[in-house]
Amino acid sequence: MKTLFERVFRGSDEMFAKAEAEVNKIAAEVGRDAPLTMPSTAYFLACIYAYIGKKVTNVGELQDALADVKAMMLREPRTNSIFQSGVGTAIAAEMIEACKYVKTDAPYEGTNYHGHFTDAEVRELGVPLVTGDIPGFVVMIGPAPSTEEAVETIKGYQSRGIFVFLIGGIIEQAVEAGVSMGFPVRVVPVGEDIWSVGHVISLVVRAAMIFGAIQPGDVEGFHKYTFERINAFVNAYKPVNDITVACGAGAIKLGFPVITNDHDDMWAVPKSLIIYDDTKDWIDTSIEARGIKLKITKIDIPVSFSSAFEGEIIRKGDMQIEIDGSRKDCFELVLTKDASEVEDHKIEVVGPEMDEFEPGSKISLSYTVEVAGKNMQPDFEPVFERKIHSFLNCVEGLMHTGQRDMIRVRVSKADFEAGFRFRHIGEVLYAKIKSEFDTVVDKCQVRIVVGDEANAELRRQANEVFDKRDERLKSMTDESVPVFYSCIMCQAFSPSHVCIVTPERLGLCGAVSWLDAKATNELDPQGPCQVVTKERCTDERTGRYEDVDEAVAQYSHGALEHVTLYSLLEDPMTSCGCFECICGIEPCSMGVVITCREFAGMTPLGMTFSEMASMTGGGVQTPGFMGHGKHYIASHKFLKAEGGVARLVWLPKDLKDQIRDKLNETAKDLYGIENFADMVADETSCPNGDPEELLAYLTEVGHPVLGMEPFDM
């Protein structure tokens, strides 16, 4: 038993010696006062910040932290000591990697390695982790016994939705085999050296701070959170050196089992350190060890189906065929029918099949999904349609964008060669709608129509359906519906956060509308979306309801007492961490600045998205800052208590262009202002992000905020 202790302590010593040498070397080169900022994060060096509670902002502070890390590397021959020493090893790894970012923000540019994860990438994982589309993480440390096995195991995890981090020689094997890698496809080559594991641990502890509101320095809080809420594990192929053994001890301390085939001076620890020789069986062994429950959908198609493929991009040169709604008559439509009109699992293709077109063709194609069920409601049709995007993107080698009659679907040459055809689109839609909406859909059939002439008339008919729906949705207001809904899907990672979803305020993740919440409640009456009555309104201006207060108190388990629906200053709604946007008060103009996850630049608040986001998240109420969805910005209820959308003074240009038409429509409805979006500044009209520059622009365009009462702060 003594040898395993010795291996961990030797590995910890080696990692610390490497960290000490690198830190002292960079200090000698650039000086102690040289700034040290990891790109696009508000959490400094996250491992040091989380475990030691210190903010590292320059090289001198990094150098000073060496003593704190050394103190974590205990030498007492007890099991807890080796695990704690393992955590210190991971922090030392972060210090080694941080030295690479002193002179440049992009030390891995031009390589096969990813390196540091931004806060935006951490938050991007939020929704799929909550829904189970990403059931867990694996860190694969290699190389594997062969390139073929490396690819088979990576794709095996990928097909199960497991997010894959690669470290070491297994990256070279994946590159050699042409494996598609990157954050969008959930296979990330982190770094070539074992100390790049520091980037993964940084991601993990930031998830705890962002989603769980764990405070820096709360060591036990971090370990409790990672053990209970982050499903991760490690696969380490032999030979495993001492540093890797020490890092494995740190992983086990976080609650992440380690599976290896190395017997050298190691012994098994039940459910924590598993020594298993048959590496081809590691997938099932690992998933079982971490207790991960997988959602497996068997679909009769010739290629893989997994949420891991949702971010896959199909380039023009790799495309077999394109369904292009911008140039051709194309659409996707879900319709409710009587049971007598639907033949279950009928997949019909009207017109030529894929193999009758030349490679690279742009074609006219539509698919209409007809469903029947005693609990089915026409209001659910657009909910189903919005899910088609994720359903089809889960097909390996297929890319879907857009919705309704502005869809684009690309099928890769590899899919075509594997036998994928138009009818398989129908198989995917049938299987997913029957499985996802089984409590309301009894029967489902899919009709796929190919060809210009037929789809021209069908598209006209489909647009009539869309127009009628839009009129109904437009008429739905918070006042016109009988109830609101709660949503606690994010509580898997943010235990005290509760969204209240209304027709005019969708969930902050942007993925849950009032109709979505209603459908979720119908599909699963005991599930995450529950009815919230709205009978006892005590303040219409702020949107304060006794019913809502009771609901958030109940569903937050007492963490929240009061929430308003329309105010930024008075008990604003909490956030989990996976919000699309965040707004904050700009004191010079007394307006509101909004930024979004995709914008990495500085705002007029002197804060980036990550820095603004650090003011909220994890179910914490922060008056003056609030997470929200993109489409809430153009709502008539947006900041109603503080004067509404007329308070909006700055947002990123790309976001403004996305919501421009609806923003202009809302401003005209509420204030009679034409082209309001042009009055809102962005990074092009205020390139320096300076408050005085912003105020000058607002004055020049006559922005209505200048005539509004200051915030009562």
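For the structure, see preceding data.
The structure reproduced in this document is the subject of the present report. Here the structure is a predicted model, which is why all the values come from computation and not from measurement.

## Examining the overall build of the chain
Then, number 1: Helices and strands together make up the secondary structure of the chain, namely 21 helices and 23 strands.
Then, number 2: Against the compact-globule benchmark of 27 Å for 713 residues, the chain has a radius of gyration of 27 Å, which places it among compact chains.
Then, number 3: With the C-alpha coordinates of the chain rotated into their principal frame, the extents come out at 75 × 65 × 45 Å.
Then, number 4: When contacts within the chain are restricted to residue pairs at least 6 apart in sequence, those whose partners lie at least 24 apart make up 74%.
Then, number 5: Averaging the locations of the 70 positively and 110 negatively charged side chains of the chain gives two centres separated by 2 Å.

## Quick look at the environment of Ala 208
Then, number 1: Mapped onto the secondary structure, Ala 208 falls in helix H9 (residues 197-212).
Then, number 2: The residues contacting Ala 208, other than those within four sequence positions of it, are Ala 213, Ile 214, Phe 222 and Tyr 225.

## What about the pairing of strand E11 (residues 365-372)?
Then, number 1: Across the eight residues that make up E11, a large majority, eight, are buried.
Then, number 2: Neither face of E11 is left uncovered, since the one carrying Leu 365, Tyr 367, Val 369 and Val 371 and the one carrying Ser 366, Thr 368, Glu 370 and Ala 372 both have all their residues buried.
Then, number 3: As defined by bridge partners, strand E8 (residues 331-336) adjoins E11 across six bridges and the pair is classed as parallel. Bridging across to E11, Thr 336 finds its partner in Val 371.
Then, number 4: Where E11 and strand E14 (residues 443-450) come together, eight bridges link them in antiparallel fashion. Its bridge partner lying in E14, Glu 370 is registered against Gln 445.

## Some thoughts on a negative patch on the surface
Then, number 1: A grouping of Asp 277, Asp 278, Asp 281, Asp 284 and Glu 288 is seen on the molecular surface, where their side chains present a negatively charged patch.
Then, number 2: In this fold, Asp 277 is placed in the loop between strand E6 (273-275) and helix H12 (282-290).
Then, number 3: Overall, the relative accessible area of 52% leaves Asp 277 in the exposed class.

## As for the nonpolar core
Then, number 1: Ranked by internal contacts, the top residues of the largest apolar core, which has 239 residues, are Phe 165, Tyr 367, Phe 384 and Ile 594.
Then, number 2: Setting aside its immediate chain neighbours within four residues, Phe 165 contacts Phe 117, Phe 137, Val 138, Val 139, Met 140, Val 188, Val 190, Val 200 and Leu 203.
Then, number 3: If you look at the next biggest cluster of nonpolar residues, it comprises five residues, including Phe 331, Leu 333, Ala 462 and Phe 466.

## As for the side chain of Asn 235
Then, number 1: Relative to the helices and strands, Asn 235 is located in strand E4 (residues 232-236).
Then, number 2: Since its relative accessible area comes to 0%, Asn 235 is described here as buried.
Then, number 3: A distance of 2.6 Å separates a polar atom in the side chain of Asn 235 from a polar atom in the side chain of Tyr 157.
Then, number 4: Within polar-contact distance, the side chain of Asn 235 engages the side chain of Ser 286 at 3.0 Å.

## Some words on the packing of H9 against helix H10 (residues 219-229)
Then, number 1: For the pair H9 and H10, the least separation of the axes is 10 Å and the interaxial angle reads 95 degrees. Put simply, H9 runs roughly perpendicular to H10. Across the interface between the two elements, Val 204, Val 205, Ala 207, Ala 208, Met 209, Phe 211 and Gly 212 of H9 pack against Phe 222, Tyr 225 and Thr 226 of H10.
Then, number 2: Residues belonging to the contact of H9 with H10 are distributed by class as follows: eight nonpolar, two polar and no charged.

## Here we look at the pattern of salt bridges
Then, number 1: Scanning all chains against the criterion turns up 45 salt bridges.
Then, number 2: Between Glu 322 and Lys 362 there is a salt bridge, and its shortest N-O distance comes to 2.2 Å. Residue Glu 322 is found in strand E7 (residues 319-324), and its partner Lys 362 is found in strand E10 (residues 361-363); the two are separated by 40 residues along the sequence.
Then, number 3: Residue class for Glu 322 comes out buried when judged on its relative accessible area of 0%.
Then, number 4: Taken together, the shared-partner salt bridges in this structure form one network comprising Glu 322, Asp 324, Arg 327, Lys 362, Arg 408 and Arg 410.

## What to know about the sheet that holds strand E23 (residues 648-650)
Then, number 1: Strand order in the open sheet made by the four strands is E22-E20-E21-E23, with mixed pairing throughout. Two strands lie at the open edges of the sheet, namely strand E22 (625-628) and E23, each paired on one side alone. Averaged over all pairs of adjacent strands, the angle between their axes in this sheet comes to 35 degrees, without regard to strand direction.
Then, number 2: Relative to E23, strand E21 (residues 591-596) runs parallel, the two sharing two bridges. Considered in E23, the bridge of Val 592 is made with Leu 648.

## A closer look at unusual backbone geometry
Then, number 1: Looking along the chain, the bond that leaves Gly 142 and enters Pro 143 is cis, with omega of 25 degrees.
Then, number 2: Structurally, the position occupied by Pro 143 is in the loop between strand E1 (137-142) and helix H7 (147-159).
Then, number 3: Look at the link from Lys 238 to Pro 239: it is a cis peptide, with omega at 0 degrees.
Then, number 4: Within the secondary structure, Pro 239 sits in the loop between E4 and helix H11 (242-253).
Then, number 5: For Ser 40, which is not a glycine, the phi torsion comes out positive at approximately 50 degrees.

## Brief notes about the side chain of Lys 534
Then, number 1: Examined against the element boundaries, Lys 534 turns out to sit in the loop between strand E17 (531-533) and strand E18 (537-539).
Then, number 2: For the buried Lys 534, no salt bridge is present, and the opposite-charge side chain at shortest range is Glu 479, 6.7 Å distant.
Then, number 3: Not counting the four nearest positions on each side in its chain, Lys 534 is found in contact with Asp 478, Glu 479, Val 481, Pro 482, Val 483, Phe 484, Tyr 545 and Asp 547.

## Describing the environment of Ile 299
Then, number 1: Mapped onto the secondary structure, Ile 299 falls in the loop between H12 and E7.
Then, number 2: Between the C-alpha atoms of Ile 299 and Glu 417, which are 118 residues apart in sequence, the distance is 18 Å.

## Here's the deal with the sheet that holds E17
Then, number 1: Taking strand neighbours across the sheet as the criterion, the three strands line up as E16-E15-E17 in an open arrangement whose pairing is antiparallel. Each edge of the open sheet is held by one strand with a lone partner, namely strand E16 (499-501) and E17. On average, adjacent strands in this sheet sit at an angle of 40 degrees to one another, irrespective of strand direction.
Then, number 2: Two elements, strand E15 (residues 483-487) and E17, share three bridges in a ladder whose sense is antiparallel. Residue pairing in the sheet places Phe 484 in a bridge with Val 532 of E17.
Then, number 3: Of the strands in this sheet, E15, E16 and E17 are in contact with helix H17 (residues 514-523), which crosses E15 at around 75 degrees.
Then, number 4: Helix H18 (residues 546-555) rests against E15, E16 and E17 of the sheet, and its axis sits at about 145 degrees to E17.

## Some thoughts on the packing of aromatic side chains
The description of an aromatic ring pair uses the distance of the two centres, along with the angle that the planes make with each other.
Then, number 1: Inspection of every chain in the model, using the stated rule, returns 20 aromatic pairs.
Then, number 2: Geometrically, the ring pair formed by Phe 5 and Trp 267 is tilted, given 6.2 Å between the ring centres and 55 degrees between the ring planes. A residue pair is termed long-range when its members are at least 10 positions apart, and Phe 5 in helix H1 (residues 2-30) and Trp 267 in the loop between strand E5 (258-260) and E6 qualify at 262 residues.
Then, number 3: On the accessibility criterion, Phe 5 (13% relative accessible area) is buried.
Then, number 4: An aromatic cluster is built from Phe 117, Phe 137, Phe 163, Phe 165 and Phe 183, whose rings are joined through pairwise contacts.
Then, number 5: Between Arg 290 and the ring centre of Phe 227, over which it is positioned, the NZ or CZ distance is 5.7 Å.
Then, number 6: The aromatic ring of Phe 711 is capped on one face by Arg 647, whose charged end is 4.1 Å from the ring centroid.

What counts, and at which threshold
Residue numbering note: each chain is counted from 1, following its sequence as written. This being a predicted model, a pLDDT of at least 70 is required before a residue's local features are given, and a value of 80 or more before pairs of side-chain atoms are given or counted; all residues contribute to the totals for chains, interfaces and linings. Only hydrogens and water are set aside when side-chain values are computed; all heavy atoms of the structure are taken into account. Helix numbers and strand numbers start at the N terminus; a helix is a DSSP run of H or I with at least 4 residues, a strand a run of E with at least 2. The atom set for the radius of gyration is the C-alpha atoms, and the globule formula is 2.2 Å times the number of residues raised to the power 0.38. Throughout, a residue-residue contact means that at least one pair of heavy atoms, one from each residue, lies within 4.5 Å. Charge assignment: positive for Lys and Arg, negative for Asp and Glu; neither His nor the chain ends contribute. Here the site of a charge means NZ on Lys, CZ on Arg, CG on Asp, or CD on Glu. Under the scheme applied here, a residue whose accessible area is under 20% of the maximum for its type counts as buried, over 50% as exposed, and between as partly exposed, the area being computed with a 1.4 Å probe on protein chains only. DSSP calls a pair of strands paired once it identifies at least 2 bridges connecting them. Patch membership requires over 30% relative accessible area and the absence of a salt bridge. Like charges are linked within 9 Å, and nonpolar side chains (Val, Leu, Ile, Met, Phe, Trp, Tyr) within 5 Å. Per-residue and other accessible areas follow the Shrake-Rupley method at a 1.4 Å probe size, with only the shown protein chains counted as cover for residues. Each reported salt bridge corresponds to a side-chain nitrogen of Lys or Arg within 4 Å of a carboxyl oxygen of Asp or Glu. Note on terminology: a nonpolar core comprises buried Ala, Val, Leu, Ile, Met, Phe, Trp, Tyr and Cys residues joined through side-chain atoms within 4.5 Å. Definition of a polar contact: a pair of N or O atoms within 3.5 Å, with one able to donate and the other able to accept a hydrogen when the atoms are protein atoms, and with sequence-neighbouring residues admitted only if both atoms are side-chain atoms. Geometry is summarised by axes, namely lines fitted to C-alpha atoms with helices restricted to the contacting stretch, and by angles between N-to-C directions that run from 0 to 180 degrees. Relative orientations are named as follows: roughly parallel for angles under 35 degrees, roughly antiparallel for angles over 145 degrees, roughly perpendicular for angles from 65 to 115 degrees, and oblique for any other angle. Ten residues, namely Ala, Val, Leu, Ile, Met, Phe, Trp, Tyr, Cys and Pro, are considered nonpolar, four, namely Asp, Glu, Lys and Arg, are considered charged, and the remaining ones, Gly among them, are considered polar. The aromatic pairing rule takes the rings of Phe, Tyr and Trp, using the six-membered ring of Trp, and pairs them if the centres are within 6.5 Å, calling planes under 30 degrees apart stacked, those over 60 edge-to-face and the rest tilted. By definition, being over a ring means that NZ of Lys or CZ of Arg is both within 6 Å of the ring centre and within 35 degrees of the ring normal.

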